[in-house]
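Listed here are the chains, written in short residue letters.
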Amino acid sequence: MLPQSLNDLGVIIVSTGNVLNVSDLRKKAGQKPTDELTDCLRSTFTEAEVVEPSQNGGQSSVPVQEQRRLIMRRNNDLLEKVREHPRADIKIGAKIFLNRYSEPALTEAVEKLFETLNVTYLDNLILAYHPTATAEKAANGEEATGDEEAKEEGVIEWAVGSDNAVGNLKKLWAILERYATDGKIGQLGIADLDADSLQQLYDGAKVHPTIAQINLAACCVVPPQLQAYCNQNEIQLLTHSDPQELLPRNVLDELELKSYYAGWTSRYQVHIKCRGVLAAKGFIVSLERTN
């Protein structure tokens, strides 16, 4: 699926641009998040424009396995849609999906959002941090089992089997706090934490989360303890339908990306405030070569 010349690169950043201007994608409204992202990647690969790095005269002296490239979709109107209205009249929200602890990955994901949208401010940013053994195995080129246990009703299972998950989350959160403190992000949110983990994050944060997302498909009903904690601390509780792993191994294999795993993925949406109309939407994915 990738252009042949890119198959051996170390890191490939794929930017889909505004997927709302692709007629074939617009016709598939209501897709599951992974299916939507998969179709967007296929469309981007079909119309791929490879952007060579410009810093330091390129990377010709760097081994191929360590080189990076950016793939964009031709005929992309993202920036035009962002500039159609004054910045004060649009709302830009984003969500970053991370399945392993990596501060550089989170920083890169945030910076790529600013760069891709050509803005200096995001109205809100939600972090979906799901450290999993599956992601660690993928990064190391190992086979993942993908076994799932039945979910208990009303119970959120976050970071099961991951060591020091809350401690690592706090370090990642500190990165987002710096952007918020610098006035670059308005609201910070977190996805899929149970009540105890959310409280630990909240109590240790300088910039508190004001949005908490939960997946009702995973826990069936809103846990009463979580509902109460959000009410007490003025945290907006929202539902979503995103899986814990947006680009699992089997999907990457279907895309003929057997040598890569998703280092991070971000999804952004641009709304016109006065009308609530979605003006643009897209994804950015960091595909990183397995060790």
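Look up: the structure comes first, before these words.
Computed from a predicted model, the values in this text were never measured in an experiment.

Criteria and thresholds
- Residues numbered from 1 in each chain as written.
- Predicted model: local features only at pLDDT ≥ 70, side-chain atom pairs only at ≥ 80, totals over all residues.
- Heavy atoms only, no water.
- Core = buried A, V, L, I, M, F, W, Y, C linked by side-chain atoms within 4.5 Å.
- Buried < 20%, exposed > 50% of the residue type's maximum accessible area, 1.4 Å probe, protein only.
- Contact = heavy atoms within 4.5 Å.
- Helix = DSSP H or I, 4+ residues; strand = E, 2+ residues; numbered from the N terminus.
- Polar contact = N/O pair within 3.5 Å; in protein donor to acceptor, adjacent residues only side chain to side chain.
- Axes fitted to C-alpha atoms, helices over the stretch in contact; angles between N-to-C directions.
- Parallel < 35°, antiparallel > 145°, perpendicular 65-115°, else oblique.
- Nonpolar A, V, L, I, M, F, W, Y, C, P; charged D, E, K, R; others polar.
- Arc of directions from axis to C-beta.

Visitor: Please clarify how the nonpolar core should be interpreted in this entry.
Guide: It is characteristic of soluble globular proteins that their nonpolar side chains tend to be buried jointly. In terms of nonpolar packing, the biggest core is built from 53 residues, with L106, L117, L127 and L198 touching the most fellow members. For L127, the residues in contact, after removing those within four places along its chain, are I96, L106, L169, L172, L176, G189, I190 and A191. Among the nonpolar cores identified, the runner-up in size contains 26 residues, and I12, F45, Y260 and V285 belong to it.

Visitor: Would you mind showing me how to read the side chain of R73 here?
Guide: Turning to its location among the elements, R73 is positioned in strand β3 (residues 68-73). Here the side chain of R73 touches N18 through a polar contact of 2.7 Å, landing on its backbone oxygen. Beyond its immediate sequence surroundings of up to four residues, R73 is in contact with S15, T16, G17, N18, V19, N21, V22, S43, T44 and E47.

Visitor: Please clarify how the packing of helix α7 (residues 195-204) against helix α9 (residues 224-232) should be interpreted in this entry.
Guide: In a pair of packed helices, the angle between the axes and the distance between the axes together describe the arrangement. For the pair α7 and α9, interaxial distance at closest approach is 9 Å and the crossing angle is 25°. By the angle class used here, α7 and α9 are roughly parallel. Contact with α7, carried on its side by A195, D196, L198, Q199, Y202 and D203, involves Q225, L226, Y229 and C230 of α9 and no other residues of that element. Here the contact of α7 with α9 is built from residues that sort into 6 nonpolar, 2 polar and 2 charged.

Visitor: Please explain the side chain of D123 as it appears in this structure.
Guide: Within the element layout of this structure, D123 appears in strand β5 (residues 122-129). Exposure remark for D123: the relative accessible area of 13% places this residue in the buried category. Residues in contact with D123, not counting those within four places in the same chain, are R87, I90, K91, I92, G186, Q187 and K273.

Visitor: Which parts of the structure should I look at to understand unusual backbone geometry?
Guide: Negative phi is the rule for most residues except glycine; trans is the rule for most peptide bonds. For N118, which is not a glycine, the phi torsion comes out positive at approximately 55°. Turning to its location among the elements, N118 is positioned in the loop between α4 (103-117) and β5. A positive phi angle, close to 70°, is found at D192, a residue other than glycine. You can see D192 is positioned in the loop between β6 (185-191) and α7.

Visitor: Would you mind showing me how to read α9 here?
Guide: Side chains three or four residues apart in an α-helix point the same way, a direct result of the helix having 3.6 residues per turn. If you check which residues of α9 are buried, you get L226, Y229 and C230. For α9, the arc enclosing every buried residue in end-on projection is 95°, short of the 170-degree limit, so these residues lie on one face. Residues P224, N231 and Q232 are exposed on α9 and point more than 90 degrees away from its buried face. Residues of α9 that are buried in the fold lie against α7, β7 (211-215) and β8 (236-240). E234 lies just past α9 and shows a positive phi near 55°.

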